[in-house]
Amino acid sequence: MLFMKQNARFFKSLADETRLRILNLLTRGELCVCDLMATLELPQSTVSRHLATLRNAGLVEDRRQGVWMYYRLTEKDSGLPGTLLPPLLEYLAELDVGQHDLRNLQAYLQKKEATSCG
């Protein structure tokens, strides 16, 4: 029964465009909530709510540094998420919106690094 609940939580977490976009961005490595907010042009509350759903499904891990939370993809070696997530992430990166988000993230991170903020 627990196995079915975990799989249902996994699929439910993927049933939202914003969460799919966040997963796509996290393929580039650990990101701060502020990085995701700027890239997706969404408020902190929205990004945090979606990240909580992904964390509860076991797809992302978090860590706190000062006032900011940083997120990264969870290493999945087995089970349904470990089987389905890698090809899904490859597919998301090929979509127009996925490529657009990754370009925006890259531009944002370059600007952030150049201004030494964040």
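Here is what the cut-offs are and how they apply
Residues numbered from 1 in each chain as written. Predicted model: local features only at pLDDT ≥ 70, side-chain atom pairs only at ≥ 80, totals over all residues. Heavy atoms only, no water. Core = buried A, V, L, I, M, F, W, Y, C linked by side-chain atoms within 4.5 Å. Buried < 20%, exposed > 50% of the residue type's maximum accessible area, 1.4 Å probe, protein only. Helix = DSSP H or I, 4+ residues; strand = E, 2+ residues; numbered from the N terminus. Contact = heavy atoms within 4.5 Å. pLDDT = per-residue confidence, 0-100. Pairing = 2+ DSSP bridges.

1. Details of the nonpolar core
Here is step 1: Counting residues in hydrophobic clusters, the biggest one holds 24 residues, and the most contacted among them are Leu23 and Leu59.
Here is step 2: Breaking this core down by element, the ones donating at least two residues are helix H2 (17-26), helix H3 (33-40), helix H4 (44-56), strand E3 (68-73), helix H5 (79-94) and helix H6 (96-115).
Here is step 3: Among the elements that take part in this core, H2 stands out by supplying four residues, more than any other.
Here is step 4: Ignoring any residue separated from it by four or fewer positions in sequence, one finds Leu59 in contact with Phe10, Ser13, Leu14, Leu23, Leu54, Arg72, Leu73, Thr74, Pro81 and Leu85.

2. Brief notes about the confidence of the model for the chain
Keep in mind that low pLDDT regions are not for reading the predicted coordinates in detail.
Here is step 1: Summary statistics for the chain give a mean pLDDT of 92 and a share of 94% for residues scoring 70 or more.
Here is step 2: Mean pLDDT per element in the chain: helix H1 (residues 2-13) is the minimum at 86, and H2 is the maximum at 98.

3. With respect to the pairing of E3
Here is step 1: Two strands pair when backbone bridges link them, and strand E1 (residues 31-32) and E3 are joined in this way by two bridges, in the antiparallel orientation. Within E3, the position partnered with Leu31 by the bridge is Tyr71.
Here is step 2: Bridge count between strand E2 (residues 60-65) and E3: six bridges; the pairing is antiparallel. From the neighbouring strand, Gln65 faces E3, where its bridge partner is Trp68.

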